[in-house]
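Spelled out from the first residue to the last, the chains are:
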Amino acid sequence: ITDMMTGHEVAHALWTLPEEWFRAITKEEIHKQILNIVEDARIEKKIKRKYPGLTKSFITGYADLAQRGFFGDTNPDDMPLIDRINLHAKMGFTGNIQFDESEQWAVDAVAGVETFEEAKEVAKMLQMDYQESQQRAENEFGDYQDNDEDGYDSQSDDSGDSDSSDDTGQGQ
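Residues numbered from 1 in each chain as written. Predicted model: local features only at pLDDT ≥ 70, side-chain atom pairs only at ≥ 80, totals over all residues. Heavy atoms only, no water.

S.K.: I tried to follow the overall build of the chain on my own but got confused; where do I start?
M.R.: Summing up its helical and strand segments, the chain has 7 helices and 0 strands in all. Mapped in sequence order, the helices and strands of the chain form the string α-α-α-α-α-α-α. The proportion of buried residues among the 172 residues of the chain is 31%. By sequence separation, contacts in the chain at least 24 residues apart represent 58% of the contacts at least 6 residues apart. (Helix = DSSP H or I, 4+ residues; strand = E, 2+ residues; numbered from the N terminus. Buried < 20%, exposed > 50% of the residue type's maximum accessible area, 1.4 Å probe, protein only. Contact = heavy atoms within 4.5 Å.)

S.K.: I keep staring at helix H7 (residues 116-138) and nothing clicks. Help me out?
M.R.: In a regular helix each residue adds 1.5 Å, so 23 residues correspond to 33 Å; H7 covers 33 Å between its end C-alpha atoms and thus fits that length. Listed in full, the buried residues belonging to H7 are Phe116, Ala119, Lys120, Val122, Ala123, Leu126 and Gln127. On the buried face of H7, the contacting elements are helix H2 (18-26), helix H3 (32-50), helix H5 (81-91) and helix H6 (104-111). (Expected span 1.5 Å × (residues − 1).)

S.K.: Would you explain the side chain of His8 in this entry?
M.R.: As for its position among the elements, His8 is in helix H1 (residues 2-15). Among the polar contacts made by the side chain of His8, one reaches the side chain of Asp40 at a distance of 3.5 Å. Once residues lying within four places of it in the same chain are set aside, the contact partners of His8 are Asp40, Ile43, Glu44, Phe58 and Tyr62. (Polar contact = N/O pair within 3.5 Å; in protein donor to acceptor, adjacent residues only side chain to side chain.)

S.K.: What is the right way to look at the confidence of the model for the chain in this model?
M.R.: Low pLDDT marks regions whose predicted coordinates should not be analysed in detail. Looking at the chain as a whole, the pLDDT averages 85, with 81% of positions reaching at least 70. Of all helices and strands in the chain, the one with the weakest mean pLDDT is H7 (93), whereas H2 scores best (98). Confidence over residues 146-172 falls short of pLDDT 50; this stretch has 19 contacts with residues more than four positions distant or in other chains. (pLDDT = per-residue confidence, 0-100.)

S.K.: Sorry if this is basic, but what is going on with the packing of aromatic side chains here?
M.R.: Any pair of aromatic rings gets described here by the distance separating the centres and the angle formed by the planes. Under the defined criterion, the tally for this structure stands at 3 aromatic pairs. An angle of 40 degrees between the planes, with centres 6.2 Å apart, marks the rings of Tyr62 and Phe71 as tilted. Here Tyr62 matches Phe71 in class, with each residue buried. One aromatic cluster is present, built from ring pairs that chain together Phe58, Tyr62, Phe70 and Phe71. (Phe/Tyr/Trp six-rings, centres within 6.5 Å; stacked < 30°, edge-to-face > 60°.)

S.K.: Would you mind going over the nonpolar core with me for this structure?
M.R.: Generally speaking, nonpolar side chains in soluble globular proteins are found buried as a group. Among the nonpolar cores identified, the biggest contains 35 residues, and Leu35, Val38, Tyr62, Ile85, Val110, Val122 and Leu126 are the most heavily contacted of them. A total of 7 residues in this core trace back to one element, the largest contributor, which is H3. (Core = buried A, V, L, I, M, F, W, Y, C linked by side-chain atoms within 4.5 Å.)

S.K.: Can you walk me through the layout of surface pockets in this structure?
M.R.: The probe, sized like a water molecule, is rolled over the atoms to show the empty space still left. The computed volume of the largest pocket comes to approximately 370 Å³. If you go around the largest pocket, you meet 18 residues; those closest to its centre are Lys48, His88, Ala89, Lys90 and Gly92. When residues of the lining of the largest pocket are traced back to their parent elements, those giving at least two are H3, helix H4 (54-67), H5 and H6. In terms of residue count, the dominant contributor to the lining of the largest pocket is H5 (5 residues). Classifying every residue of the lining of the largest pocket gives 10 nonpolar, 4 polar and 4 charged. (1 Å grid on protein atoms, 1.4 Å probe; cavity = no way out; pocket = protein on both sides within 12 Å on 5 of 7 lines; lining within 4 Å. Points joined across faces, edges and corners; volume = space filled by probe spheres on them. Nonpolar A, V, L, I, M, F, W, Y, C, P; charged D, E, K, R; others polar.)

Okay, here's the thing in structure tokens:
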């Protein structure tokens, strides 16, 4: 674990510029945790290329952390996409993290990131996808209208006409 963590932090020192990171979070308003997942995948890929001997340390280190419950006790199949991507990027095929066809674009996008600019773009795409999935989840019950006990829409009078008052309660 020590070698893996050292390699991880050295990779950040080599390839994650603090000014660019700060600007991405504050000025471009990229979600910090999503960007961190994409950036970690990028820099860990680069450090393993530069120092191939670290690859085994990363594999065994992340496997050890997973066994100790570092990533939580939730079944990965029940995790949000971004968390499964994080585990997949860290553990590779040894983690046996499953993705369906509709998610593969995101896995491939993270795996393909080489520059910090690309990391920001992929993080933005994942952020938009997450927000859209949250909206879909909120709307999955369809169009629901708030009805009174008698079944009439609370914004209608007995004749079925809509209430024509404005926000102040006054007629228009």
